[in-house]
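Each chain, letter by letter, is given below.
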Amino acid sequence: MKKVALTAVAVLGLGLAACQNNAADNNAANETAVENNAEADVNAATNDAATSADAALNAASNAVEDAGNAVDNAGDALENAADNAAH
């Protein structure tokens, strides 16, 4: 009978040891997951903003170049008109 009682106590002891509280570990894992997701969101937003800014700068650069070409073309047209009028 003592052997059965000792065996039962040993089994219960092992069962209790296996059920130890790991809430701190779970909380740390959850916090890490939240931080990783937040970092991913910030990186995505930063990349989107950088891409949008780059596109806006390209569009502005193209507009300035187009304006310069228009001025050159107007100057050429005026020069051609003056040449034609002189001949």
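Enquirer: Quick one: what's the story with the overall build of the chain, residue by residue and with numbers?
Expert: Looking only at helices and strands, the chain has two helices and zero strands in total. In the chain, which comprises 87 residues, the proportion classed as buried is 0%. Summed over all atoms, the accessible surface of the chain reaches about 7400 Å², with 60% contributed by carbon and sulfur.

Enquirer: I'd like a rundown of a negative patch on the surface, residues and numbers included.
Expert: Taken together, the side chains of Asp 72, Asp 76, Glu 79 and Asp 83 make up a negatively charged region of the molecular surface. Mapped onto the secondary structure, Glu 79 falls in helix α2 (residues 23–86).

About the cut-offs
- Residues numbered from 1 in each chain as written.
- Predicted model: local features only at pLDDT ≥ 70, side-chain atom pairs only at ≥ 80, totals over all residues.
- Heavy atoms only, no water.
- Helix = DSSP H or I, 4+ residues; strand = E, 2+ residues; numbered from the N terminus.
- Buried < 20%, exposed > 50% of the residue type's maximum accessible area, 1.4 Å probe, protein only.
- Areas by Shrake-Rupley, 256 points an atom, 1.4 Å probe, with all protein chains shown as cover.
- Patch = residues over 30% accessible without salt bridge, like charges linked within 9 Å, V, L, I, M, F, W, Y side chains within 5 Å.
- Salt bridge = Lys/Arg side-chain N within 4 Å of Asp/Glu carboxyl O.
- Lys, Arg positive; Asp, Glu negative; His and termini not counted.
- Charge placed at Lys NZ, Arg CZ, Asp CG, Glu CD.

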